[in-house]
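Residues per chain are reported as follows:
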Amino acid sequence: MYLTEFLTVALIHLLAVASPGPDFAVVVRESVTHGRRAGTWTALGVGCAIFLHVGYSLLGIGLIVSQSIVLFNALKWLAAAYLLYIGFKALRAQPAKPAVDDLHKEAGARTARGAFTSGFVTNGLNPKATLFFLSLFTVVINPHTPLAIQAGYGVYLAAATALWFCLVAMLFSQQRVRAGFARMGHWFDRTMGAVLIAIGVKLAFTEMH
């Protein structure tokens, strides 16, 4: 019984995490701009934020947020504001020499704490993630499933999310990939900034269904 439920949860999660969104954009930008270490810490931040969603879903707080337009909008605007902030910050990137050596120098400038926080906040404030986990723990997962097993699902979701984005970080932090993006110079930062701003604007207009 629980195996079928777990496989359903795993499949839905795979489809959700594989679709590009704020988490993907942030991990890619950190990986290309600051290197594998920063990208991995960002991925771990995203994964740890899953525990936040799982926690309030199990406690029923997610249901309160989903039913309160005020709380939902507050979360939505916080998330949008954060994405707009890092997006506009990226848009202000200045031209630099597109050398691989410059990438290595910049890679050391990003702290693990900063990268982790970036990933955690991006995922933690995403209202779409709130609705996703709420629906997962109220519709897909049987309410009668023991709390310990539901918590186990949560651990899996966090670990699987972190692993997925660690793989993304590993891919986009490869020297050849970074060197390719480096040739674009500051235009890569500006492009990613525009993407983050677009996601932030889209998020700002997300309506609660």
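Predicted, not measured: the structure shown is a model, and the values here were computed from it.

Counting its secondary structure elements, the chain contains eleven helices and zero strands. Counting from the amino terminus, the chain carries its helices and strands in the arrangement α-α-α-α-α-α-α-α-α-α-α. For the chain, the residues scored as buried account for 45% of the 209 residues in total. Pairs at least 24 apart in sequence give 89% of the contacts found in the chain among residues at least 6 apart. Looking at the chain as shown, the accessible area adds up to about 11,000 Å², and 70% of this sits on carbon and sulfur atoms.

Turning our eyes to something else, we now look at the UniProt feature "transmembrane region" (unreviewed entry) in the chain. As recorded in UniProt, the sites labelled "transmembrane region" (unreviewed entry) are residues 41-63, 70-88 and 153-172. Secondary structure over residues 153-172 splits into 100% helix and 0% strand, and the C-alpha atoms at its two ends are 29 Å apart.

The next point concerns a nonpolar patch on the surface. A contiguous nonpolar surface patch, about 310 Å² in accessible area, is contributed by Leu11, Leu14 and Leu15. As for its position among the elements, leucine 15 is in helix 1 (residues 2-18). For leucine 15, a relative accessible area of 60% corresponds to the exposed category.

Inspection of the entire model under this criterion finds six aromatic pairs. Both rings, one in phenylalanine 6 and one in tyrosine 156, keep their centres 4.9 Å apart while their planes meet at 70 degrees; by these two values the pair is edge-to-face. Pair noted here: phenylalanine 6 is in helix 1 and tyrosine 156 is in helix 9 (residues 147-172), with a separation of 150 residues, a long-range link. For phenylalanine 6, a relative accessible area of 26% corresponds to the partly exposed category. According to the relative accessible area criterion, tyrosine 156 is partly exposed, its value standing at 29%.

Before going further, it helps to examine the side chain of threonine 145. For threonine 145, the location among the structural elements is in the loop between helix 8 (127-140) and helix 9. Within the structure, threonine 145 has its side chain in polar contact with the side chain of glutamate 5 (distance 3.0 Å). In this structure threonine 145 touches Tyr2, Glu5, Gln150 and Tyr153, once residues within four positions along its chain are discounted.

This part is about the nonpolar core. In this structure, Val17, Val27, Val28, Val32, Ala43, Val46, Phe165, Cys166, Val168, Ala169 and Phe172 together form the largest nonpolar core, which totals eleven residues. Secondary-structure elements contributing two or more residues to this core are helix 2 (22-34), helix 3 (36-59) and helix 9. Counting ten residues, the second-largest nonpolar core is a separate cluster that includes Val54, Phe133, Tyr153 and Ala158.

Relative to the elements of secondary structure, cysteine 48 occurs in helix 3. Beyond its immediate chain neighbours, meaning those up to four positions away, cysteine 48 contacts Phe116 and Phe120.

We now examine the environment of lysine 89. Within the element layout of this structure, lysine 89 appears in helix 5 (residues 69-91). A sequence separation of 101 residues divides lysine 89 from arginine 190, and the C-alpha atoms of the two residues are 8.8 Å apart.

Checked against the element boundaries, arginine 178 lands in helix 10 (residues 175-182). Using a relative accessible area of 6% as the deciding quantity, one classes arginine 178 as buried. There is a polar contact of 3.0 Å between the side chain of arginine 178 and the backbone oxygen of valine 32. Within polar-contact distance, the side chain of arginine 178 engages the backbone oxygen of threonine 33 at 3.4 Å.

The rules behind the values
- Residues numbered from 1 in each chain as written.
- Predicted model: local features only at pLDDT ≥ 70, side-chain atom pairs only at ≥ 80, totals over all residues.
- Heavy atoms only, no water.
- Helix = DSSP H or I, 4+ residues; strand = E, 2+ residues; numbered from the N terminus.
- Buried < 20%, exposed > 50% of the residue type's maximum accessible area, 1.4 Å probe, protein only.
- Contact = heavy atoms within 4.5 Å.
- Areas by Shrake-Rupley, 256 points an atom, 1.4 Å probe, with all protein chains shown as cover.
- UniProt positions renumbered as here; feature names shortened; annotations may be inferred.
- Patch = residues over 30% accessible without salt bridge, like charges linked within 9 Å, V, L, I, M, F, W, Y side chains within 5 Å.
- Salt bridge = Lys/Arg side-chain N within 4 Å of Asp/Glu carboxyl O.
- Phe/Tyr/Trp six-rings, centres within 6.5 Å; stacked < 30°, edge-to-face > 60°.
- Polar contact = N/O pair within 3.5 Å; in protein donor to acceptor, adjacent residues only side chain to side chain.
- Core = buried A, V, L, I, M, F, W, Y, C linked by side-chain atoms within 4.5 Å.

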